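If you want the building blocks of each chain, they are given just below.
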Amino acid sequence: MFKTLKEDIDVIFDQDPAARSYLEVILTYSGLHAIWAHRLAHGFYKRKLFFIARVISQVSRFFTGIEIHPGAKIGRRFFIDHGMGVVVGETCEIGDNVTIYQGVTLGGTGKEKGKRHPTIKDNVLISTGAKVLGSITIGENSKIGGGSVVLKEVPPNSTVVGIPGRVVMKDGIRVGKDLNHSDLPDPVADRFKDLQMELDHMKKELAELKEERTKVNGHSTV
């Protein structure tokens, strides 16, 4: 247990250049506090002491802004950077050396029963604001771009971006059209664009109808 706790600290020094001392990390890193609280809560959860486990997780959520269900299985050297708004669901399984940033959701779609949350394999990085939803697997050594919404399986060694998320790099080779973060799809803007096109089309039809009516009225007057 103490080896695991020390690894939780050491990974912060590996991943965060702002970390300066063990005392600073232990006292001020909310991601570390949330992980340690989860390890305690998960221990009670495995012993079917569900109420105590939930109390610990909710107290941790109150102080850290990070919600990890006590049923989630988390491996070694898990790093939550900044952490505010992170949500990890009950049946989520996270491997070793996984890093996630603030605003990440590892949740369900509301349609599944049983195993309904993602499985995150070893050495995965999930960037700010990304949503990984459903009983899907994110393969080893993959990266999920900031703001992405991932609803399908991701093969190992892949980079995923967009809404919905799609693989743009596999095994170091670009797949299809590459997307930069500045060019991520915007479904809201796309919908407004479609509505504007429909409105322009309706205006054109209305103008044609008015023109035809004017011609008809003009002929009837004569």
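The structure we're discussing is the one just above.
Please read all numbers here as calculations on a predicted model, not as lab measurements. (Residues numbered from 1 in each chain as written. Predicted model: local features only at pLDDT ≥ 70, side-chain atom pairs only at ≥ 80, totals over all residues. Heavy atoms only, no water.)

(A) View of the sheet that holds strand S6 (residues 99-101). Spatially, 7 strands are ordered S3-S6-S9-S12-S14-S15-S16 in an open sheet, and the strand pairing comes out mixed. Because the sheet does not close on itself, it has two edges, and the strands there are strand S3 (79-81) and strand S16 (173-174). Relative to strand S9 (residues 125-126), S6 runs parallel, the two being bridged by 2 bridges. Considered in S9, the bridge of Thr99 is made with Leu125. (Pairing = 2+ DSSP bridges. Helix = DSSP H or I, 4+ residues; strand = E, 2+ residues; numbered from the N terminus.)

(B) Looking closely at unusual backbone geometry. In this structure, Pro164 follows Ile163 across a cis peptide bond, with omega equal to -10°. Examined against the element boundaries, Pro164 turns out to sit in the loop between strand S14 (158-161) and strand S15 (166-170). For Arg77, which is not glycine, the phi dihedral falls at a positive 55°. By the element assignment, Arg77 lies in the loop between strand S2 (73-74) and S3. Look at Asn157: it is not a glycine, yet its phi comes out positive at around 60°.

(C) Here's a closer look at the packing of helix H3 (residues 30-46) against helix H4 (residues 50-64). Where H3 contacts H4, the two axes come as close as 8 Å, and the packing angle between them is 175°. In terms of their interaxial angle, H3 and H4 are classed as roughly antiparallel. Between H3 and H4, the contacting residues are Ser30, His33, Ala34, Ala37, Leu40, Ala41, Phe44 and Tyr45 on the first element and Phe50, Ile52, Ala53, Ile56, Ser57, Ser60 and Thr64 on the second. (Axes fitted to C-alpha atoms, helices over the stretch in contact; angles between N-to-C directions. Parallel < 35°, antiparallel > 145°, perpendicular 65-115°, else oblique. Contact = heavy atoms within 4.5 Å.)

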